[in-house]
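Report on the structure
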Amino acid sequence: MIPWPQRQTLPTSAEALRSEVRAFLAAHPPAAAADVRARSWMGFDAAFSQALGQRGWVGITLPTQYGGGGGSAFDRYVILEELLAAGAPVSAHWIADRQSAPLLLRFGSDSQRRELLPRICAGELYFCIGMSEPGAGSDLASVSTRAVPNDQGWLLNGSKLWTTNADRCHYMIALARTSGQHGDRQQGLSQLLVDLSLPGITIRPIRDLAGDAHFNEVFFDNVQLPHDALIGAEGDGWQQVTAELAFERSGPERILSSMALLECWCDQLRRSGADAGDQRTLGELASRLAVLRSLSLSITAQLEQGQSPVIPAALVKDLGTTFEQDIPDRLADQIARRGGEHGSGELMRTLAYTSMIAPTYSLRGGTREILRGLIARGMGLR
Amino acid sequence: MSDSVFLDSIQPLFQDINARFTGQSDFSPQAAWDELVQSGFLRLLLPESAEGAGLDIAQALPVLMSAGYWALPLPYVETTLLYAALPAALVDAPADTIEGNLALAVGTCGPGGPAQPLRQGLHWLRALVTAKDGGIAVVPVSGDVEQGWRSQGEVKPLSQELDIHLLGTAAECLQLAGAMQRVLELTVDYANTRQQFGRPIGKYQALQQQISVMTGHCHSAVMAAQLLAAGMVQADSGLRLDTPRIASACGVIKAACQPVVATAHAVHGAIGVTEEYTLHHYTRRLLAGRIAGGSESCWFEQVGRACLEQDGRVFDFTLAALS
Ligand SMILES: Cc1cc2nc3c(=O)[nH]c(=O)nc-3n(C[C@H](O)[C@H](O)[C@H](O)COP(=O)(O)OP(=O)(O)OC[C@H]3O[C@@H](n4cnc5c(N)ncnc54)[C@H](O)[C@@H]3O)c2cc1C
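To start, this report covers the structure provided alongside it. These numbers were taken from a predicted model, which means no experiment stands behind them. (Residues numbered from 1 in each chain as written. Chains lettered and ligands numbered in written order. Predicted model: local features only at pLDDT ≥ 70, side-chain atom pairs only at ≥ 80, totals over all residues. Heavy atoms only, no water.)

**Notes on the overall build of chain B**
Stated precisely, the cut-off is as follows: To qualify as a helix, a DSSP run of H or I must reach at least 4 residues; to qualify as a strand, a run of E must reach at least 2; elements of each kind are numbered from the N terminus. The quantity called the radius of gyration is restricted to C-alpha atoms. Its globule counterpart is 2.2 Å times the number of residues to the power 0.38. Relative accessibility decides the category of a residue: with a 1.4 Å probe and only protein chains considered, values under 20% of the type maximum give buried, values over 50% give exposed, and everything between is partly exposed. Should any heavy atoms of two residues lie within 4.5 Å, those residues are counted as being in contact.
Looking only at helices and strands, chain B has 12 helices and 10 strands in total. Expected size for 323 residues packed as a compact globule is a radius of gyration near 20 Å; at 20 Å, chain B falls within 12% of this value. Considering only C-alpha atoms, chain B reaches an extent of 65 × 60 × 45 Å along its principal axes. Expressed as a percentage of its 323 residues, the buried residues of chain B come to 58%. By sequence separation, contacts in chain B at least 24 residues apart represent 66% of the contacts at least 6 residues apart.

**So, the packing of helix α3 (residues 57–69) of chain B against helix α8 (residues 205–230) of chain B**
All names here are of chain B. The criterion, for reference: Think of each axis as a best-fit line through the C-alpha atoms, taken over the contacting stretch in the case of a helix, with angles from 0 to 180 degrees between the N-to-C directions. Our angle categories are set so that under 35 degrees counts as roughly parallel, over 145 as roughly antiparallel, 65 to 115 as roughly perpendicular, and the remainder as oblique. Crossing handedness: left-handed means the near helix sits turned counterclockwise from the far one by under a right angle, and right-handed means the same turn made clockwise. When residue character is reported, Ala, Val, Leu, Ile, Met, Phe, Trp, Tyr, Cys and Pro are called nonpolar, Asp, Glu, Lys and Arg charged, and the others, Gly included, polar.
Direction vectors running N to C along α3 and α8 enclose 135 degrees, while the axes themselves pass 9 Å from each other. By the angle between their axes, α3 is oblique relative to α8. Helix-helix and strand crossings are classified by hand; for α3 and α8 the assignment is right-handed. Residues I57, A58, L61 and M65 of α3 form the contact with α8, whose own contacting residues are V222, A225, Q226 and A229. Tallied by class, the residues present in the contact of α3 with α8 amount to 7 nonpolar, 1 polar and no charged.

**Some remarks on the pattern of salt bridges**
We apply this condition: By definition here, a salt bridge exists when the distance from a side-chain nitrogen of Lys or Arg to a carboxyl oxygen of Asp or Glu is within 4 Å.
Taken as a whole and assessed by the stated rule, the structure comprises 35 salt bridges over all chains. As a salt-bridge pair, E82 of chain A and R313 of chain B come within 3.8 Å of each other at their nearest N and O atoms. Residue E82 of chain A is located in helix α5 (residues 73–85), and its partner R313 of chain B is located in the loop between α11 (296–309) and α12 (314–322); the two belong to separate chains. In this structure R313 of chain B comes out as partly exposed when scored by relative accessible area, which is 25%. The salt bridge partner of R280 of chain A is E284 of chain A, with a shortest N-O separation of 2.6 Å. Taken together, the positions of R280 of chain A and E284 of chain A, both in helix α10 (residues 276–304) and 4 residues apart, correspond to about one turn of that helix. For E284 of chain A, a relative accessible area of 9% translates into the label buried. Several salt bridges share partner residues, and in doing so they unite E15, R18, R22, E81, E82 and R293 of chain A together with R313 and D316 of chain B into one network.

**Remarks on the interface of chain B and chain A**
Reports often express the size of an interface as the amount of accessible area lost when the parts come together. What counts is decided by this rule: Two parts placed together each lose some accessible area under a 1.4 Å probe, and the buried area is that loss summed for both.
Between chain B and chain A, the residue contacts involve 46 residues of the former and 48 residues of the latter. Roughly 4,100 Å² is buried in total at the junction of chain B and chain A, and carbon and sulfur atoms are behind 67% of that figure. Sorting the residues of chain B by area buried against chain A places H219, L308 and F315 of chain B first, and these three jointly supply 17% of that buried surface. For the interface between chain B and chain A, the tally reads 2 salt bridges.

**Observations concerning unusual backbone geometry**
Residues and elements named next belong to chain B. One non-glycine residue, E51, adopts positive backbone phi at about 60 degrees. Residue placement: E51 occurs in the loop between α2 (29–39) and α3. We classify E51 as exposed; its relative accessible area is 67%. Phi at A71 takes a positive value of approximately 45 degrees, unusual for a residue other than glycine. With respect to the element layout, A71 can be found in the loop between α3 and α4 (76–85). A residue is classified by how much of its surface remains accessible, and A71, at 5% relative accessible area, is buried.

**A short note on the site of the ligand**
Put simply, the rule is: Think of it this way: one heavy atom of a residue within 4 Å of a molecule or strand is enough to make that residue near it. Pairs of N or O atoms are called polar contacts if they sit within 3.5 Å, as long as, within protein, a hydrogen donor faces a hydrogen acceptor (for residues adjacent in sequence, only side-chain-to-side-chain pairs). Using a 1.4 Å probe, accessible areas were evaluated by the Shrake-Rupley method; residue-level cover was limited to the displayed protein chains.
Around the ligand, 18 residues are found, and the nearest of them are S132, S138, W162, T367 and E369 of chain A. At the site occupied by the ligand, nearby residues are drawn from chains A and B. Between the ligand and S138 of chain A there is a distance of 2.6 Å, counted from an oxygen atom to a side-chain nitrogen or oxygen. In the model, an oxygen atom of the ligand is placed 2.7 Å from a nitrogen or oxygen of the T367 of chain A side chain. In isolation the ligand exposes 970 Å². Once the protein is present, 66% of that is buried. Residue classes in the shell around the ligand are distributed as 6 nonpolar, 10 polar and 2 charged.

**What about the nonpolar core?**
What counts, and what does not: What we call a nonpolar core is a set of buried Ala, Val, Leu, Ile, Met, Phe, Trp, Tyr and Cys residues that are connected through their side-chain atoms within 4.5 Å.
Membership of the largest hydrophobic core comes to 198 residues, with the highest contact counts inside it found for F127 of chain A together with Y76, L81, L86, M180, L228 and I253 of chain B. Sorting elements by how many residues they give to this core places helix α7 (residues 164–193) of chain B first, with 17 residues. Contacts of I253 of chain B, omitting those with residues within four sequence positions, involve C173, L176, A177, M180, A221, A224, A225 and L228 of chain B. In this structure, A147, V194, I201 and V223 of chain A belong to the second largest nonpolar core, which totals 21 residues.

**Section: α11 of chain B**
The condition that has to hold: An expected span of 1.5 Å times one less than the residue number is assigned to each helix.
For α11 of chain B, with 14 residues, the first-to-last C-alpha span of 20 Å sits near the 20 Å given by 1.5 Å per residue. Burial in α11 of chain B covers these residues: E296, W299, F300, V303, G304, A306, C307 and L308 of chain B. At its buried positions, α11 of chain B is contacted by α9 (259–272) and α10 of chain A together with α7, α9 (243–268), α10 (279–291) and α12 of chain B.

**Observations concerning the side chain of R285 of chain B**
Tracing the sequence through the fold places R285 of chain B in helix α10. With sequence-adjacent residues up to four places away left out, R285 of chain B is seen in contact with R119, E172, Q175 and L176 of chain B.

**So, helix α8 (residues 237–245) of chain A**
So the rule is basically this: Directions drawn from the helix axis to the C-beta atoms are what define this arc.
When we look at burial in α8 of chain A, the residues that qualify are G237, Q240, V241, A243 and E244 of chain A. Down the axis of α8 of chain A, the sector holding all buried residues measures 160 degrees, keeping them to one side.

**What to know about the side chain of T79 of chain B**
Residue and element names in this part refer to chain B. Secondary-structure assignment places T79 in helix α4. For T79, a relative accessible area of 1% corresponds to the buried category. Apart from residues no more than four positions distant in its own chain, T79 is found in contact with W33, L42, L102, A103 and L104.

**Here we look at a positive patch on the surface**
Condition: Only residues whose relative accessible area exceeds 30% and that form no salt bridge enter a patch; like-charged residues are grouped when within 9 Å of one another, and nonpolar side chains (Val, Leu, Ile, Met, Phe, Trp, Tyr) when within 5 Å. Residues counted as positive are Lys and Arg, residues counted as negative are Asp and Glu, and His and the chain ends are not counted. Charge positions are represented by NZ for Lys, CZ for Arg, CG for Asp and CD for Glu.
Together, R377 and R382 of chain A together with R199 and K203 of chain B give the surface a local cluster of positive charge. Position of K203 of chain B relative to the elements: it lies in the loop between β8 (199–200) and α8.

**Quick word on the environment of Q8 of chain A**
All names here are of chain A. Turning to its location among the elements, Q8 is positioned in the segment before α1 (12–15). The spatial distance from the C-alpha of Q8 to the C-alpha of A136 is 38 Å, given a sequence separation of 128 residues. For Q8, the contacting residues outside a window of four places in its chain are F74, L297, S298 and A301.

**Observations concerning the pairing of strand β5 (residues 189–195) of chain A**
For a regular strand, side-chain orientation follows a simple rule: the groups alternate between the two sheet faces. Residue and element names in this part refer to chain A. Keep this limit in mind: Here the rule is simple: two strands pair whenever DSSP picks up at least two bridges between them.
A large share of β5 lies buried, amounting to 6 of its 7 residues. In the sheet, β5 pairs with strand β8 (residues 230–231) via 2 bridges, with the strands oriented antiparallel. Paired with L192 across the strands is L230, a residue of β8.

**Overview of the packing of aromatic side chains**
Heads up, the condition is: Pairing of aromatic side chains requires ring centres within 6.5 Å, counting the rings of Phe and Tyr and the six-membered ring of Trp. Pairs whose planes differ by under 30 degrees are stacked, by over 60 edge-to-face, and all others tilted. Throughout this description, the term charge over a ring refers to an Arg CZ or Lys NZ atom that lies within 6 Å of the ring centre and within 35 degrees of the ring normal.
Inspection of the entire model under this criterion finds 10 aromatic pairs over all chains. Here W162 of chain A and F215 of chain A contribute two aromatic rings whose centre-to-centre distance is 5.2 Å and whose plane-to-plane angle is 55 degrees, an arrangement assigned as tilted. Here the residue W162 of chain A occupies a position in the loop between β3 (153–161) and β4 (171–177), and F215 of chain A occupies one in strand β7 (residues 215–226), the gap between them amounting to 53 residues. Assessed through its relative accessible area of 18%, F215 of chain A is described here as buried. With 6.3 Å between their ring centres and 75 degrees between their planes, F6 of chain B and F41 of chain B make a pair best called edge-to-face. Of this pair, F6 of chain B sits in helix α1 (residues 3–22) while F41 of chain B sits in the loop between α2 and α3, placing them 35 residues apart in sequence. Note on F6 of chain B: relative accessible area 9%, which makes it buried. A relative accessible area of 10% means that F41 of chain B is categorised as buried. Here the aromatic residues F24, F48 and W57 of chain A are joined through ring pairs into a cluster of three or more. Positioned over the ring face of Y204 of chain B is R199 of chain B, at 5.0 Å from the centre of the ring.

Below is the structure:
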């Protein structure tokens, strides 16, 4: 059985950061239009990331010796939830802050850490995750991109798919086969640091159904990587990727993706009046948000205690992404309940965008079905 | 003493009452109630100066939820919370008075007429606390679970103010959250035990995915119960009830009841609908509890109104009023 959740309130030191983040956001205001703010962690703005880095709020939990903030997981929680609730454009530094930096801290060599982490923390150096391929989605162990050792390091061939921000960032951390055969599954995989400016790399943006291009196809044609591109040990790629999964913290990013829409709708209700059906829907969503946030904070508390709550985090992520998907569903029904559209242009644009992108919430970072498989394992069923 | 010490010391009695009640044989509600009174646990939330254990609601929560976990057919949680909420009126009453005999619940009634506890299926009750003439009053009742309850005897108005409907619903919801913990455990155990096609049924992905969703509902309900507890603040005069916080937690707990029941029964197959197997006690409890005091929609509407009455963001309202 998965242990029952324990409520955890924020320590006052973390709560105190809230007003500082709000002051920062007042000085660096996110876009006014709700349909732009709705893109938040898809919104790429290097100037914003650098300003955040200067304030010390990128890599906040990393050790100060690498330029990090030396803060707690709770500090990070407050900063993130305030940024996301405001719809700030956090995409540029997002992956480096959330995933790549902790990965490098844990598995990287000392020189990788000294060279890369301070620039990540400055909000200047951006990363992407090269896991998925055309033939390897949920079944990640079937990756076929290959890095063959040679006298200069590693020769990389193959391709990656759905790589968020590959066209706009500096490095990819790629999962590739470095020994054995295709079909050896988890054996013989490694993680490699790929400088995306190297010759032989072609990056093709893929447009999504909302018209945005945030993810890409990336092709490697005899890309020569240096020896020290290897992260961790050769052949340990699978264990490292699994550990990377533990950086899935089920934080505010798994709860707040549809908030710009909910806020925009609530503003309209205040202007034009709400009936019992509107009140019920609003009350339900606010109530679920409160419970989810407490569940999410209980995961943060476990991280802060040095645990690795992979399965409880999967549970909260499943609940959170369901909530994020229910918002556009319920609001579409509420807004158009009286027949025809009853919303301002801004509300309808935000609804359209959020509805179209919502299906991705339960795909990115591992699908709903895969998460539920993890939960079932945690419950002792497999 | 830590909270779990209290739970450990009362749980055997709860379990024993459950065994007698679900075993259908020689269950005496009065005897079970007397054992609860003797345990001293009705004073869990009272200060030590009033011979209480001095716990706050958050510390007492494991015990209160455990009453739901063991499907106690007695108003233990109701009485304990009413005691904490109305100490001036209810504590230290002589044992031969209605208050001294305890067994209180929240409900409605007219003089000499049928009395309706908010909670259904109570097997023991001596008085209802009800709304009356703009205030609240204690109304003695008699009857039983089969015939129903009738008010009888002198109505005693209380000078204290309390939103008893909110308190009654909160008491119900804490128990529902505990009941859902038990139902999830029963369901997982059954899925790991029952074999079909040569394997435990829990090995089939279709059931794994349903039980995962059910787990999410149950964890949400358990967290909501903790938020609910945080919405009941003890003061010298009794309990201060934080309406939006309690309303939102009750809504989430009530909304979980139906899907939890549905999956539990789906996994159990036919055995789940037999009188002999214990699941039906929880099914009845969860389905009745969901609507007792108003369904989730009724409580969510209140939360929505409270949110619209202020002018900040939904996010800020959630942080300040519900979390
Ligand atoms: C917006 C977005 C951004 C992304 N960014 C990145 C990125 O930056 N880097 C990166 O590497 N990847 C990225 N991805 C890819 C993402 O990780 C994959 O989409 C995801 O892992 C699923 O793989 P797939 O799309 O190939 O679907 P598939 O794995 O083919 O799954 C299709 C369906 O089959 C189900 N399924 C598969 N296996 C099982 C099983 N064993 N049991 C039950 N059901 C199963 C799935 O749950 C799903 O419903 C991104 C995806 C999106 C949508």
